[in-house]
Amino acid sequence: MATDFVKRYEKNPILTKDDVPYAVQTVHNAGVAKFLGRYMMLFRSHLDTGRSTIGLAESDDGFNFKVRPEPFMMPSTEPLFCDYEEYGVEDPRIVHLEDAYYITYSAYSRHGVRIGLAATADFESVERIAFITQADYRNTVIFPEKINGRYVKLDRPNSEISPWSIWISYSPDLRHWGDSRVVIKPVTYHWDQMKIGPGAPPIRTEKGWLNIYHGVFPTMDGCVYRLGAALHRLDDPAVVLGVGDRWILQPEDPWEVVGYVHNVVFTCGAVAEDDGTLKLYWGGADKVMCAGTAVIDELVELCLTDSRPPL
Ligand code: BMA
């Protein structure tokens, strides 16, 4: 079995604050989707207030990106949304679902962190739809198709009682969600023991939905963020077929080990290609964007043949 699951792009980092034509301190935790054959990246940037906005970069090859002159999403000034975005908008995920590209993002405010849902048809304008969780939730990914007539999401409620775990919920209309249950929990004294959260929106494979998630391990020198993989049943994603026992990516390059927050690789996006590979995108140390490739079948095999218990 493969052990080197993710091959880093040789010219990482692919995007830094120097590539952004307005003043930002970081470029990280980006969602990526293909739109009309091009790669659209929505990245998070800290401003020098310490609050985050979301910018847009475009690419023909998935590695060389050019940033648009203006941010794509700033904290909202609309009455329904502004109270919950005053501290910033973070960590966008993009999913192509039916005829739109939906964006799930973390909205921070004095009331905590909750998940906003927005949509764009053309990556020119964006429309906020609703908040789809109350506080405190992060890391929401929506599946790219309805399953058994309902939309499906994974997310991660914050909890002081149970380790921070991945939950599934269902919706008839993308706005109202329920039937929630926990599907994957951290494992004690394991690379993901402290908390886990969904990363890229799930990817359909022949053997199941591939879920690339992050896991956190606490050390005397702070937390280490790594990435792992899990596989959910195609017709019932609440059933977890396997969770890879080993991480697939950990901080190793200098810009992943040292940055705004040390020792972090954190993904919000991956693009499945027709040749069976995956382009994976991750923030390095909450400061820069990096990319790499993986073979989808190898990640699926890891989940199925070297699995730790999901719960
Ligand atoms: C998490 C989130 C991520 C961030 C990570 C590492 O709690 O805030 O956006 O990348 O911490 O700092």
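Residues numbered from 1 in each chain as written. Predicted model: local features only at pLDDT ≥ 70, side-chain atom pairs only at ≥ 80, totals over all residues. Heavy atoms only, no water.

**Student:** Give a detailed account of the overall build of the protein, specifying residues and quantitative values.
**Tutor:** What the protein contains, in helices and strands, is three helices and 22 strands. Its C-alpha atoms give the protein a radius of gyration of 18 Å, within 12% of the compact-globule value 19 Å for 311 residues. Dimensions along the principal axes, computed over C-alpha positions, put the protein at roughly 45 × 45 × 45 Å. Within the protein, the fraction of its 311 residues that count as buried is 57%. Considering only residue pairs separated by 6 or more positions, the protein has 52% of its internal contacts joining residues 24 or more positions apart. When the accessible surface of the protein is split by element, carbon and sulfur atoms take 50% of a total near 13,000 Å². Averaging the locations of the 31 positively and 43 negatively charged side chains of the protein gives two centres separated by 3 Å. (Helix = DSSP H or I, 4+ residues; strand = E, 2+ residues; numbered from the N terminus. Rg over C-alpha atoms; globule rule 2.2 N^0.38 Å. Buried < 20%, exposed > 50% of the residue type's maximum accessible area, 1.4 Å probe, protein only. Contact = heavy atoms within 4.5 Å. Areas by Shrake-Rupley, 256 points an atom, 1.4 Å probe, with all protein chains shown as cover. Lys, Arg positive; Asp, Glu negative; His and termini not counted. Charge placed at Lys NZ, Arg CZ, Asp CG, Glu CD.)

**Student:** Give a detailed account of the packing of aromatic side chains, specifying residues and quantitative values.
**Tutor:** Applying the stated rule across the entire model yields 12 aromatic pairs. With 4.3 Å between their ring centres and 10 degrees between their planes, Y9 and F63 make a pair best called stacked. Here the residue Y9 occupies a position in the loop between β1 (7–8) and β2 (28–35), and F63 occupies one in the loop between β4 (52–59) and β5 (66–67), the gap between them amounting to 54 residues. For the pair shown, Y9 and F63 are each scored as buried. Ring centres of Y84 and F131 lie 5.5 Å apart, and the angle between their planes is 70 degrees; this geometry places the pair in the edge-to-face category. In this pair, Y84 sits in the loop between α1 (79–82) and β6 (88–97) while F131 sits in strand β9 (residues 127–131), placing the two residues 47 residues apart along the sequence. Y84 sits in the partly exposed class, given a relative accessible area of 29%. Within the aromatic cluster, the residues linked to one another by ring pairs are F35, F72, Y101 and F123. (Phe/Tyr/Trp six-rings, centres within 6.5 Å; stacked < 30°, edge-to-face > 60°.)

**Student:** Go over the pairing of strand β19 (residues 265–272) with me, naming the residues and quoting the values.
**Tutor:** For β19, a buried count of seven out of eight residues is recorded, marking the element as mostly surrounded by other parts of the structure. As consecutive antiparallel partners, β19 and strand β20 (residues 277–284) are separated by four residues, and within that stretch G276 has a phi angle of approximately 85 degrees, a positive value. (Pairing = 2+ DSSP bridges.)

**Student:** Provide a residue-level description of unusual backbone geometry, including the pertinent values.
**Tutor:** With omega at -5 degrees, the peptide bond leading from N12 into P13 counts as cis. Note on placement: P13 falls in the loop between β1 and β2. With an omega dihedral of 0 degrees, the bond running from A135 to D136 counts as a cis peptide bond. The topology assignment puts D136 in the loop between β9 and β10 (137–142). Backbone geometry at F123 places phi at a positive 60 degrees, although glycine is not the residue there. If you trace the backbone, F123 turns up in the loop between β8 (112–120) and β9. Using a relative accessible area of 0% as the deciding quantity, one classes F123 as buried. The backbone phi angle of L174 is positive, close to 75 degrees, even though this residue is not glycine. Topologically, L174 is positioned in the loop between β12 (166–171) and β13 (178–184).

**Student:** For the site of the ligand, give the residues involved together with the corresponding values.
**Tutor:** In the region of the ligand, the neighbouring residues are N29, R44, D91, R138, Y225, V261, V264, F266 and D286. A distance of 2.6 Å separates an oxygen atom of the ligand from a polar side-chain atom of D91. Between an oxygen atom of the ligand and a side-chain N or O atom of R138, the distance comes to 3.3 Å. Relative to its unbound accessible surface of 310 Å², the ligand loses 83% to contact with the protein. Residues that form the shell around the ligand fall into these classes: four nonpolar, one polar and four charged. (Near = heavy atom within 4 Å. Polar contact = N/O pair within 3.5 Å; in protein donor to acceptor, adjacent residues only side chain to side chain. Nonpolar A, V, L, I, M, F, W, Y, C, P; charged D, E, K, R; others polar.)

**Student:** Which residues make up the side chain of S45, and what values go with them?
**Tutor:** Structurally, S45 can be placed in strand β3 (residues 38–46). The buried category is assigned to S45, whose relative accessible area is 1%. Side-chain polar atoms of S45 contact the backbone oxygen of T26, separated by 2.7 Å. Not counting the four nearest positions on each side in its chain, S45 is found in contact with V24, T26, V27, R51, S52 and T53.

**Student:** Please set out the environment of F143 residue by residue, giving values where relevant.
**Tutor:** One can find F143 in the loop between β10 and β11 (151–157). As a C-alpha pair, F143 and K153 span 10 residues in sequence and 6.0 Å in three-dimensional space.

**Student:** Can you break down the sheet that holds β12 residue by residue, with the values?
**Tutor:** Taken together, the four strands give an open sheet; going across it, the order is β10-β11-β12-β13, and neighbouring strands pair in antiparallel fashion. Looking at the sheet topology across the chains shown, the edges are occupied by β10 and β13. Strand-to-strand twist across the sheet, computed as the mean angle between neighbouring axes with direction ignored, equals 25 degrees. Pairing of β10 with β11 involves four bridges; the strand directions are antiparallel. For V141, the partnering residue across the bridge sits in β11 and is L154. (Axes fitted to C-alpha atoms, helices over the stretch in contact; angles between N-to-C directions.)

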